[in-house]
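Structural description and commentary
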Amino acid sequence: MMRERGRVEDTIYAMQKGGAGSLQVISDFDMTLTRFAHKGKRVPTTHNILNNRLLMNEDSTKKMKELLNKYYPIEIDASLSPEEKLPYMVEWWTKVHELLIQQRIRKDMLGVTVRASSAMLRDGYRVFFDCLAEHQVPLLIFSAGVGDVLEEVIRQNDVFHPNVRIISNYMDFDHTGVLQAFKGQLIHSYNKKDGALSHATALREPHGRPNVLLLGDSLGDLSMADGVAEVQNVLTVGFLNDQVEERKESYVNSFDVVLLKDETMDVPNAILRYIVSPQMSKTHEKKVDATAKK
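The structure presented is a predicted model; accordingly, all values stated were derived computationally and were not measured.

For the rest of this paragraph, the subject is the pattern of salt bridges. Following the criterion strictly, the structure yields 11 salt bridges and no others. The salt bridge partner of R35 is D123, with a shortest N-O separation of 3.2 Å. Of this pair, R35 sits in the loop between β1 (23-27) and β2 (37-38) while D123 sits in the loop between α5 (110-116) and α6 (125-134); the two residues are 88 residues apart in sequence, bridging distant segments of the chain. Classification of R35 by relative accessible area gives buried; the value is 9%. D123 sits in the partly exposed class, given a relative accessible area of 39%. Among the charged side chains, a salt-bridge network with shared partners connects D28, K192 and D221.

With respect to the element layout, L186 can be found in the loop between β7 (179-182) and α8 (192-198). A C-alpha to C-alpha distance of 23 Å links L186 and V43, two positions 143 residues apart in sequence. Apart from residues lying up to four places away in sequence, L186 is in contact with V90, W93, T94, H97, N169 and N191.

To continue, consider the nonpolar core. L100, F128, F129, I141, I154 and L213 are the most contacted members of the largest nonpolar core, which has 78 residues in total. Not counting chain neighbours up to four residues away, the residues in contact with I154 comprise F29, F129, I141, V159, F160, V164 and I166.

You will see that Q136, though not glycine, has its phi angle at about 55°, which is positive. Here Q136 is to be found in the loop between α6 and β4 (139-146). Judged by its relative accessible area of 61%, Q136 is exposed. Phi angles above zero are rare outside glycine, and E230 is one such case at about 55°.

Turning our attention to the sheet that holds strand β9 (residues 233-240). Strands sit in the order β5-β4-β1-β8-β9-β10 across an open sheet of 6 strands; the sheet is parallel. Unpaired on one side and paired on the other, β5 (164-169) and β10 (257-260) mark the two borders of the sheet. Mean inter-strand twist for the sheet, computed between neighbouring axes without regard to direction, equals 15°. Most of the contacts of α6 go to β4, to which it runs at about 135°, and overall it touches β1, β4, β5 and β8 (211-216).

This paragraph deals with the packing of helix α3 (residues 58-75) against helix α4 (residues 82-102). Where α3 meets α4, the closest approach of the two axes is 10 Å, and the angle between their N-to-C directions is 165°. With respect to their mutual orientation, α3 and α4 come out roughly antiparallel. Considering only the axes of α3 and α4, their crossing is left-handed. Of the residues in α4, those in contact with S60, K63, M64, L67, L68, K70, Y71, Y72, I74 and E75 of α3 are K85, Y88, M89, E91, W92, W93, K95, V96, L99 and L100. Its residues placed into classes, the contact of α3 with α4 shows 13 nonpolar, 1 polar and 6 charged.

Here the structure, examined in full by the defined rule, presents 4 aromatic pairs. Geometrically, the ring pair formed by Y71 and W92 is stacked, given 6.0 Å between the ring centres and 15° between the ring planes. Separated by 21 residues along the polypeptide, Y71 in helix α3 and W92 in helix α4 bring together distant segments of the chain. Look at F128 and F129: their rings are 5.6 Å apart centre to centre, the planes differ by 90°, and that puts the pair in the edge-to-face class.

Summed over all chains, the structure comprises 1 cavity of 30 Å³ or more. In this structure, the largest cavity spans a volume of roughly 420 Å³. Of all the elements, α3 adds the most residues to the lining of the largest cavity, at 4 residues.

Mapped onto the elements, D221 comes out in the loop between β8 and β9. Measuring from C-alpha to C-alpha, the distance between D221 and L121 comes to 18 Å, with 100 residues separating the pair along the chain. Setting aside anything within four residues of it in sequence, one finds D221 in contact with D28, T32, K192, L214 and G216.

Conventions we followed
Residues numbered from 1 in each chain as written. Predicted model: local features only at pLDDT ≥ 70, side-chain atom pairs only at ≥ 80, totals over all residues. Heavy atoms only, no water. Salt bridge = Lys/Arg side-chain N within 4 Å of Asp/Glu carboxyl O. Helix = DSSP H or I, 4+ residues; strand = E, 2+ residues; numbered from the N terminus. Buried < 20%, exposed > 50% of the residue type's maximum accessible area, 1.4 Å probe, protein only. Contact = heavy atoms within 4.5 Å. Core = buried A, V, L, I, M, F, W, Y, C linked by side-chain atoms within 4.5 Å. Pairing = 2+ DSSP bridges. Axes fitted to C-alpha atoms, helices over the stretch in contact; angles between N-to-C directions. Parallel < 35°, antiparallel > 145°, perpendicular 65-115°, else oblique. Left-handed = near helix turned anticlockwise from the far one by under 90°. Nonpolar A, V, L, I, M, F, W, Y, C, P; charged D, E, K, R; others polar. Phe/Tyr/Trp six-rings, centres within 6.5 Å; stacked < 30°, edge-to-face > 60°. 1 Å grid on protein atoms, 1.4 Å probe; cavity = no way out; pocket = protein on both sides within 12 Å on 5 of 7 lines; lining within 4 Å. Points joined across faces, edges and corners; volume = space filled by probe spheres on them.

Without other data, these values stay purely geometric and don't point to any function.
As structure tokens, this is what we get:
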């Protein structure tokens, strides 16, 4: 869905004229690069991957599920503003991280746990990651999940290419490899603007790349590019995975392109192919010329 199709087409065309050398991609991870559901079952987020008896005792796994059931409905409640949701998100992330620390999770168990999970990247993920790597387009994954788990997911899917950088909540392990804390500022789904500004150096690092393709599944993801310097064009793509009817209006009013219950990377891949393929611009040029002559 698009509220302003003409503006979207013009933005994509402008980004295509700049080519791969002017492009960077900033993306959320959970429920954006990963699937929301598969065969009627929810696919775990990076936090929920850790909610596993390999790492946690029965009481803690129960508490993790209780926290999810309490706070997730608040996170996606269309009647609440981001400002109203903010304290609840801080509460949720803080309580989950405290639970994980209490379990003294071992670093050497993360790979085994990810492999045993039902984590799934979206259909077409390999085309997406490989296309960006081939054309040397930076991919910044800006995630409110657990960075160590995120890295393991993309590593096990063989797409952790050199062009990938990650801003996320990273675990701090002691000298024996046991989780003792989380590093740095807490990143949750509704404080990515603050996270973007605090990581401004990382966001400015890809010099001379003023065009941004931004992918997310939450309205909070729209601020992920706030720290990018000298932006010329930003195209935002939103995956609306849950409570579609209740949230459709706010998503269409906020994202340039909204994908409803789409478990694939087909649309981002099509946009990428157009931007990095100069010969494809001729069709658009003919269309623009024809319109101008009328």
